[in-house]
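Below, each chain spelled out in residue letters.
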Amino acid sequence: MADSAKPARASWSGKWAFILAAAASAVGLGNMWRFPYLAAKYGGGAFLLVYIVLVVTFGFALMMAESALGRKTGQSAIGAFSAFGKKFAIIGILASAVPFIITPYYALIGGWVTKYMASYLVQPASEIADGAFFGGFILQNAESYVWMLLFIAAVVLIVAFGVKRGIERVNKVLMPALIVMSLAISLFALTLPGALDGLAYYLVPDFSKFSAELVVAAMGQMFFSLSLAMGIMITYGSYFQKDQDLEHSVRRIELFDTGIAILAGLMIIPAAVAVSGSAEEVATHAGPGLMFGVLPQVFTGFGFAANAMGFLFFALVFFAALTSCISLFETLVSIVDDATKKGRTFAIMVCATFVVVMGIIVNLGYNELLSVDLMYSLFGIGEAGNAQLLDFFDFLSNTIMMPLVALLTCIFVGWIIKPKTLIAEVKQSSKFSGEKLFVVMIKYIAPVFVVVILVAYVMNTAGIIAL
Ligand code: PHE
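Residues numbered from 1 in each chain as written. Predicted model: local features only at pLDDT ≥ 70, side-chain atom pairs only at ≥ 80, totals over all residues. Heavy atoms only, no water.

On the surface, Ile411, Trp415, Ile416, Val440, Tyr444 and Ile445 cluster together into a nonpolar patch covering about 530 Å² of accessible area. In this fold, Val440 is placed in helix H21 (residues 435–461). (Patch = residues over 30% accessible without salt bridge, like charges linked within 9 Å, V, L, I, M, F, W, Y side chains within 5 Å. Areas by Shrake-Rupley, 256 points an atom, 1.4 Å probe, with all protein chains shown as cover. Salt bridge = Lys/Arg side-chain N within 4 Å of Asp/Glu carboxyl O. Helix = DSSP H or I, 4+ residues; strand = E, 2+ residues; numbered from the N terminus.)

Given below as C-alpha cells:
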C-alpha cells in the first residue's frame, strides 16, 4: 500500500482486546523460565515479596505512563517522545534498542523449548530428565542452531503472513490451559519428598537474604515480564481507544502476568529443592537451565503419562514464548520500517537477518565462544568463565538499559511534560483511582529508587561497599 493511502491507525476492538494482546506479549518465557530461576537464586520468598511490591507500585506507574503516553500521542516510542520536542526522541531510541538485544536470545531459548516439546514425542521421558540431556544439547552440537532457526522461522512467517489474529484466538484457549496445567504440576510437585521445604523457601521471606543485587534483579525482571521500558506498551497504548478504561486494563494485565509467574515458581522451586536436597543448593546453582533440568525430572514421576505431560507442558510454554517473541519481532519490524521507509517486507527481511545472525552469536556462547565471559571481562561480575553471552545480553538489557529507560521516562513524565498531562489522558475515559500513587511514584520514588539501587549495586559489585 502506498504511504499516502495508509489507513487510519488501527485500534483494538475493545478493552479486552487490548488486555489480551498485552497479556499475550507479557506472558512468556519471562514468567515460566526467567522468574523461577531468579526467585530460586535470590532467596525465594524475599525475592517474591520485593517483586510483588515493585509490580504494584513502580510497575503500575510505569505501565500507566507508557500506555497513556501512547494513547495520547497515537505513536510508537520514538514518535511519542519526540511529539513533545525533537530532543526527547533519544529516550524512545534507547527504549527501542532494548528489544533488539532481547529478541535473539529469546529466540534461542524458544528453540530450546521447541526441542523439548519435540523430544517428548520421540524419546522416553527418563532420557530427557537425565542431567546430560540439556548440557549435551546446548553445549556441543549443531542441533541447537536448528531448533533456534525453526523457532525464528515460525515467528517470522507469522509476522510476514499476518496470521497473528489466528494465533491470538488460539491463545485465548491456550493461556487458560497453561494455567490449569501449571496448577496440576505444582500440586504434584508438592507431593515430592522435601518439596515442602522448598515451598517454605519460596513463600516465607527470609529478610537476611535482601541485597541490592536481589532488588536490581527483581526490578529488571519486572520490566522484562511486563514488557516495560522498551517502548512496547507505548505502541500498544497508541492502539487503545479513547473511551476505554486504561487503569482497569493495566491492573488486569499486571494481575495476570504476576499470577502466572508466581505459579511457575510454585511449580519449579519446591521441585528443585526436592530434587537437589536443599534450598542452599538450589540457590547456588539456579540459572537459565533450571526449567530444563528440574521439570523433566518432575515429569518422570507421572509414570506412563510422563511423555504426555512433558509434551503438553512444553507445547504450552512454546505458545506463550511464541506470542511474546512475535510481539518482540513486530516491534523490531515497525522500528526498522519507520526508520527506513522501505516498506514492511524489507523491514521484515532486515530484522530476520539480524535476529538469525545475533542468535547464532549468542548460541556460539555455549560452544565455540564458551570461554568468552563479557560479564566478567567488561564488568568484573561473577567468576571468570561463569557467564555466557546469553547472560551478558540479558544483563545488558535488564540491568542496564531498562532501568535507564525507566529512569528517563519517569523524569520525562514527572518533570518535563508533568504527570497532569497523562492524568488528563487517563481521565478522559475513566476515573483514576491510583492517581496519587502514580504522581508520587513517577516524580519522586521511582527515579530516586532506580538511582540509589543501581549505585548501591555497582558499588557492591566493585567491592566498595558490602551489602
Ligand atoms: N514479557 C515477555 C516475557 O515475559 C517478554 C517480552 C518482553 C515480550 C518484551 C515482548 C516484549 O516473556
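Now that the structure has been shown, the text picks up again.
What follows concerns the nonpolar core. Ranked by internal contacts, the top residues of the largest apolar core, which has 171 residues, are Phe58, Met291, Phe313 and Phe329. Sort the elements by how many residues they give to this core and helix H16 (residues 306–340) lands first, with 18 residues. Discounting chain neighbours no more than four positions away, the residues touching Phe329 are Val155, Val156, Val159, Ile348, Cys351, Ala352 and Val355. (Core = buried A, V, L, I, M, F, W, Y, C linked by side-chain atoms within 4.5 Å. Buried < 20%, exposed > 50% of the residue type's maximum accessible area, 1.4 Å probe, protein only. Contact = heavy atoms within 4.5 Å.)

Attention now moves to the site of the ligand. Around the ligand, the structure places 15 residues, and the nearest of them are Ala26, Gly30, Tyr106, Phe224 and Ile232. Contacts to the ligand include Gly30, whose backbone N or O atom sits 2.7 Å from an oxygen atom. The side chain of Tyr106 places a nitrogen or oxygen atom 2.5 Å from an oxygen atom of the ligand. For the ligand, whose accessible area on its own is 320 Å², the fraction buried by protein is 100%. Broken down by secondary-structure element, the contributors of at least two residues to the shell around the ligand are helix H1 (15–26), helix H2 (29–41), helix H11 (212–225) and H16. (Near = heavy atom within 4 Å. Polar contact = N/O pair within 3.5 Å; in protein donor to acceptor, adjacent residues only side chain to side chain.)

When two helices pack together, their arrangement is given by the angle between their axes and by how far apart the axes lie. At a minimum axis separation of 12 Å, helix H5 (residues 89–122) and helix H15 (residues 290–300) run at an interaxial angle of 20 degrees. When the axis of H5 is compared with that of H15, the two are roughly parallel. As H5 packs across H15, the resulting crossing turns out to be right-handed. Taking contact as the criterion, the partners of Ile109, Trp112, Val113, Tyr116 and Tyr120 in H5 are, on H15, Met291, Phe292, Pro296 and Phe299. Grouping the constituent residues of the contact of H5 with H15 by class yields nine nonpolar, no polar and no charged. (Axes fitted to C-alpha atoms, helices over the stretch in contact; angles between N-to-C directions. Parallel < 35°, antiparallel > 145°, perpendicular 65-115°, else oblique. Left-handed = near helix turned anticlockwise from the far one by under 90°. Nonpolar A, V, L, I, M, F, W, Y, C, P; charged D, E, K, R; others polar.)

Assignment of secondary structure puts Val170 in helix H9 (residues 164–190). For Val170, a relative accessible area of 36% gives the class partly exposed. Residues Val170 and Phe319 lie 149 residues apart in sequence; the distance between their C-alpha atoms is 9.2 Å.

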